[in-house]
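Each chain, letter by letter, is given below.
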Amino acid sequence: MHQTVKTLFRLFFALVIFLITLALWLSVFSKSKEIFQADQLFQQAKQISLKSTSQEQLVLVSNNQSPDQTIYIVIAQNGYIAELPCEHYLKDICTDEYNQQHTRQIKQLDLLKVGQNQYIQQISYQDSRTQKQQQWFYSKQQIQQFYQADIDSLKYHIFSILLFALAALYVSIRILRNFKKFIHR
């Protein structure tokens, strides 16, 4: 009985290692494909236009503090519909003044969706505390620079995932070579 449990545990452990190896390699291939097709993806970018209505009030929420430097486009009392990195908007949208405040009511918002990434192209909102209206516009060239910076950052992430994938592949090959010994050890 003890040997059966031990064998089943080792089989399960081997399966987990193989699945992790597969997941790491799939991540490397899919993200590498995204890097190599970055220009094509930018050319095929989709624009998404959103407006606040009386039924759905859109709110701009940002957090410029680590570790969660993020912008959220939120439907009031209903969750968020878009999540964007704050790093490109630190000078204008992600400011300390509005850090984690739900006071910026969006009137109109244009997002540019490039692959898995989204970028604010144009936004106009009103601060519900001060009634101050604000509008920001980002040119296609600025958004392309944002996207290129994200792709450059992705290259470093892929490299680190690749190192883990190689280590996992090595372990998987070692297990497969001596599978009977691994199971019955």
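Residues numbered from 1 in each chain as written. Predicted model: local features only at pLDDT ≥ 70, side-chain atom pairs only at ≥ 80, totals over all residues. Heavy atoms only, no water.

The name recorded for the protein chain in an unreviewed UniProt entry is Transmembrane protein, from Acinetobacter bouvetii.

J.: Looking at this model, I keep getting lost on a nonpolar patch on the surface. Mind explaining?
T.: Side chains of F12, L15, L19, L22 and L26 sit close together on the surface and give an oily, nonpolar patch of about 520 Å² of accessible area. Here F12 shows up in helix α1 (residues 2-36). Given a relative accessible area of 52%, F12 falls into the exposed group. (Patch = residues over 30% accessible without salt bridge, like charges linked within 9 Å, V, L, I, M, F, W, Y side chains within 5 Å. Areas by Shrake-Rupley, 256 points an atom, 1.4 Å probe, with all protein chains shown as cover. Salt bridge = Lys/Arg side-chain N within 4 Å of Asp/Glu carboxyl O. Helix = DSSP H or I, 4+ residues; strand = E, 2+ residues; numbered from the N terminus. Buried < 20%, exposed > 50% of the residue type's maximum accessible area, 1.4 Å probe, protein only.)

J.: What's the story with the side chain of T103 in this structure? I'm lost.
T.: With respect to the element layout, T103 can be found in the loop between β4 (79-85) and β5 (104-114). With relative accessibility at 9%, the residue T103 sits in the buried group. Leaving out residues up to four positions away in the same chain, T103 has contacts with Y98, Q126, D127, S128 and R129. (Contact = heavy atoms within 4.5 Å.)

J.: Help me understand the pairing of β4, please; the structure alone is not making it clear to me.
T.: Looking along a regular strand, one sees side chains alternate from face to face of the sheet. One ladder, built from 6 bridges, connects strand β3 (residues 70-75) with β4; its direction is antiparallel. For I73, the partnering residue across the bridge sits in β4 and is A82. Hairpin remark: β3 followed by β4, antiparallel, with 3 residues in the connecting loop; positive phi at Q77, about 65 degrees. (Pairing = 2+ DSSP bridges.)

J.: Help me understand the packing of α1 against helix α3 (residues 140-177), please; the structure alone is not making it clear to me.
T.: Helices that pack against each other are described as a pair by the angle of their axes relative to one another and the distance between those axes. Contact geometry of α1 with α3 gives a least axis separation of 8 Å together with a crossing angle of 150 degrees. The orientation of α1 relative to α3 falls into the category roughly antiparallel. Where α1 crosses over α3, the two elements pack in a sense that is left-handed. Its residues assigned to classes, the contact of α1 with α3 shows 20 nonpolar, 4 polar and 3 charged. (Axes fitted to C-alpha atoms, helices over the stretch in contact; angles between N-to-C directions. Parallel < 35°, antiparallel > 145°, perpendicular 65-115°, else oblique. Left-handed = near helix turned anticlockwise from the far one by under 90°. Nonpolar A, V, L, I, M, F, W, Y, C, P; charged D, E, K, R; others polar.)

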